[in-house]
Amino acid sequence: MKLRIILFALAFISFNSPLWAQFTLPAMPYAYDALEPAIDSMTMRIHHQRHHQAYVNGLNEALAGQGNISLEELMKNMSKYSDKARNNGGGHYNHSLFWTVLTPVQNTQPSPRLLQAIQASYGSLDSLKKLMNQAALGRFGSGWVWLSVGENKKLMVSSTPNQDNPLMDVVPQAQRGTPVLGIDVWEHAYYLKYQNKRGEYLGNIWSVINWNEVSKRYESLVPKGKFDDWPAIKEFHKVMSETFHSAEEGNLDPIRKLSKVMVERAVTLSKSVIPSEFDKKEVKAAIADLVKESKKLDDLVQKKAKDADITAKLTQLHDIFHKIVGLCSEEH
Ligand code: MN
């Protein structure tokens, strides 16, 4: 009987006092010296054991007695919480992410899907790095620079002050998203080795960025597109959208310029490996039509045919293309 009372009392005390901590410091996924020479051992140790621990402690204090909430939910509802919760909650979230997007493995690379998205938004990986470094150098005082996935599923570069991050509802709407990569630009992240040379720290950190982890986060946020395994149809779609919509508005310059490209892409499509889920004889027949009709369209363009004839043929090709897409969407 006495034992039961003691156990009950212990449980009561532990759930209602700071002894019970909702948030804890995550273990480092590698040794403190593993990122040398890009980031030195002493910096990593102090950064994790003291700075990050202080954010964890501060967050537990700030939320004491307010029940359980996940870190992600806290970020999304930050406006309802204290500045102490904002600074320390951000600090805990940001650093937990930071450790995982660094790795002792030198020069990992983005996955093909992430690289494609980077190229689509920034031209190249180098341009993205340059843009993020500029944002980091432009951050006055302490803060972070982020690569995030925005609500439109597109990549986005931003910088936040202090321990804010793009998940927080206190951040301007246009800068909100889910971070896939965060770089700490507080002096405590680099001062021991680099002193005031933030640019040098930024130059070196890219060698230890964990692109495998960043890619994993990106791919879990951006579901695979239906035609991602069939680039030939995406390429055909590009030339169709570059020409058809202008033609609808009476501008035939794009199709007059690109009719040969359209033939080439139709031929490439007809020779491409059709993903098994779309591999049907109706699809193959429609692609054969696309090749045949795109050649006729190119003939019309070469003969400098009337606008109306070219537009009619292009419209027919557009219909065939959509027939293919439709066939690929049918249940089977
Ligand atoms: Mn930090």
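Structural data are supplied above this passage.
1. Quick look at the coordination of the manganese ion
Then, number 1: His-47 (NE2), His-95 (NE2), Asp-184 (OD) and His-188 (NE2) make up the full set of protein donors to the manganese ion, lying at 1.9 to 2.1 Å.
Then, number 2: Of note, the donors binding the manganese ion are all from one chain and are spaced H-x47-H-x88-D-x3-H. Here His-47, found in helix H2 (residues 41–62), pairs with His-188, found in the loop between strand S3 (178–184) and helix H7 (191–194); they are 141 residues apart in sequence, far enough to count as distant.
Then, number 3: Accessibility expressed as a relative area gives 1% for His-47, which makes it buried.
Then, number 4: Judged by its relative accessible area of 17%, His-188 is buried.

2. A word on the packing of aromatic side chains
Then, number 1: This model, assessed by the stated rule, comprises 10 aromatic pairs.
Then, number 2: Ring centres 6.3 Å apart and planes at 10° place the aromatic pair Trp-206 and Trp-211 in the stacked group.
Then, number 3: Within the aromatic cluster, the residues linked to one another by ring pairs are Phe-98, Trp-99, Trp-144 and Trp-146.
Then, number 4: Stacked on the ring of Tyr-194, the Lys or Arg Lys-193 has its end atom at 5.7 Å from the ring centre.

3. Side note on unusual backbone geometry
Then, number 1: With omega at 0°, the peptide bond leading from Glu-36 into Pro-37 counts as cis.
Then, number 2: Not every positive phi belongs to a glycine, and Asn-162 is a case in point at roughly 55°.
Then, number 3: Take Asn-162: it is sitting in the loop between strand S2 (155–161) and S3.
Then, number 4: In this structure, Lys-304 is a non-glycine residue whose phi angle is positive, near 55°.
Then, number 5: Position of Lys-304 among the secondary structure elements: in the loop between helix H12 (281–302) and helix H13 (307–329).

4. So, the pairing of strand S1 (residues 143–149)
Then, number 1: Of all seven residues in S1, seven are buried; the element is thus mostly enclosed.
Then, number 2: Taking every second residue as pointing to the same face, both faces of S1 are buried, with Gly-143, Val-145, Leu-147 and Val-149 on one and Trp-144, Trp-146 and Ser-148 on the other.
Then, number 3: Note: S1 against S2, seven bridges, orientation antiparallel. Looking at S2, one finds that Trp-146 is bridged to Ser-158.
Then, number 4: Taking the residues that link successive antiparallel strands as the turn, the S1-S2 hairpin has five residues, and the phi of Lys-153 there is positive, at about 70°.
Then, number 5: Pairing geometry for S1 and S3, over six bridges, is antiparallel.

5. Thoughts on the nonpolar core
Then, number 1: Judged by nonpolar contacts, the single largest core of 43 residues is most densely connected at Leu-181, Ile-183, Ile-205 and Trp-211.
Then, number 2: Only helix H4 (83–100), helix H5 (112–122), helix H6 (125–138), S1, S3, helix H8 (198–205) and helix H9 (211–221) provide two or more residues apiece to this core.
Then, number 3: The element that contributes the greatest number of residues to this core is S1, accounting for five residues.
Then, number 4: Counting residues in each nonpolar core, the second largest holds 34 residues, with Ile-233, Leu-269, Ala-286 and Leu-314 among its members.

6. A word on the packing of helix H11 (residues 253–271) against H12
Then, number 1: Axis separation between H11 and H12 bottoms out at 9 Å; the angle between their running directions is 160°. For the element pair H11 / H12, the angle class is roughly antiparallel. The chirality of how H11 crosses H12 is left-handed. Every residue of H12 that contacts H11 at Ile-255, Arg-256, Ser-259, Lys-260, Met-262, Val-263, Ala-266, Val-267, Leu-269 and Ser-270 is listed here: Ile-287, Leu-290, Val-291, Ser-294, Lys-295, Leu-297, Asp-298, Val-301 and Gln-302.
Then, number 2: When grouped by side-chain class, the residues that make up the contact of H11 with H12 number 11 nonpolar, four polar and four charged.

7. With respect to the layout of surface pockets
Then, number 1: Volume-wise, the largest pocket comes out at about 430 Å³.
Then, number 2: As for the largest pocket, its lining consists of 15 residues, of which Ala-117, Lys-153, Lys-154, Tyr-218 and Val-222 are closest to the centre.
Then, number 3: The class makeup of the residues in the lining of the largest pocket is six nonpolar, four polar and five charged.

8. Some points on the pattern of salt bridges
Side chains that differ in charge, positive against negative, can pair when their charged atoms come close.
Then, number 1: Counted under the stated rule, the structure contains 16 salt bridges.
Then, number 2: Between Asp-229 and Lys-224 there is a salt bridge whose closest N-O contact spans 2.9 Å.
Then, number 3: Judged by relative accessible area, which is 48%, Lys-224 ranks as partly exposed.
Then, number 4: Salt bridges linked by common partners bring Arg-113, Glu-219, Asp-228 and Lys-234 together as one network.

9. Let's talk about the side chain of His-318
Then, number 1: Mapped onto the secondary structure, His-318 falls in helix H13.
Then, number 2: Of the residues examined, His-318 reaches a relative accessible area of 15% and is grouped as buried.
Then, number 3: Beyond its immediate stretch of four places on either side in the chain, His-318 contacts Met-240 and Phe-244.

The rules behind each value
- Residues numbered from 1 in each chain as written.
- Predicted model: local features only at pLDDT ≥ 70, side-chain atom pairs only at ≥ 80, totals over all residues.
- Heavy atoms only, no water.
- Donors = N, O, S within 2.8 Å, 3.2 Å for Na, K, Ca; no water.
- Helix = DSSP H or I, 4+ residues; strand = E, 2+ residues; numbered from the N terminus.
- Buried < 20%, exposed > 50% of the residue type's maximum accessible area, 1.4 Å probe, protein only.
- Phe/Tyr/Trp six-rings, centres within 6.5 Å; stacked < 30°, edge-to-face > 60°.
- Lys NZ or Arg CZ within 6 Å of the ring centre and 35° of its normal.
- Pairing = 2+ DSSP bridges.
- Core = buried A, V, L, I, M, F, W, Y, C linked by side-chain atoms within 4.5 Å.
- Axes fitted to C-alpha atoms, helices over the stretch in contact; angles between N-to-C directions.
- Parallel < 35°, antiparallel > 145°, perpendicular 65-115°, else oblique.
- Left-handed = near helix turned anticlockwise from the far one by under 90°.
- Contact = heavy atoms within 4.5 Å.
- Nonpolar A, V, L, I, M, F, W, Y, C, P; charged D, E, K, R; others polar.
- 1 Å grid on protein atoms, 1.4 Å probe; cavity = no way out; pocket = protein on both sides within 12 Å on 5 of 7 lines; lining within 4 Å.
- Points joined across faces, edges and corners; volume = space filled by probe spheres on them.
- Salt bridge = Lys/Arg side-chain N within 4 Å of Asp/Glu carboxyl O.

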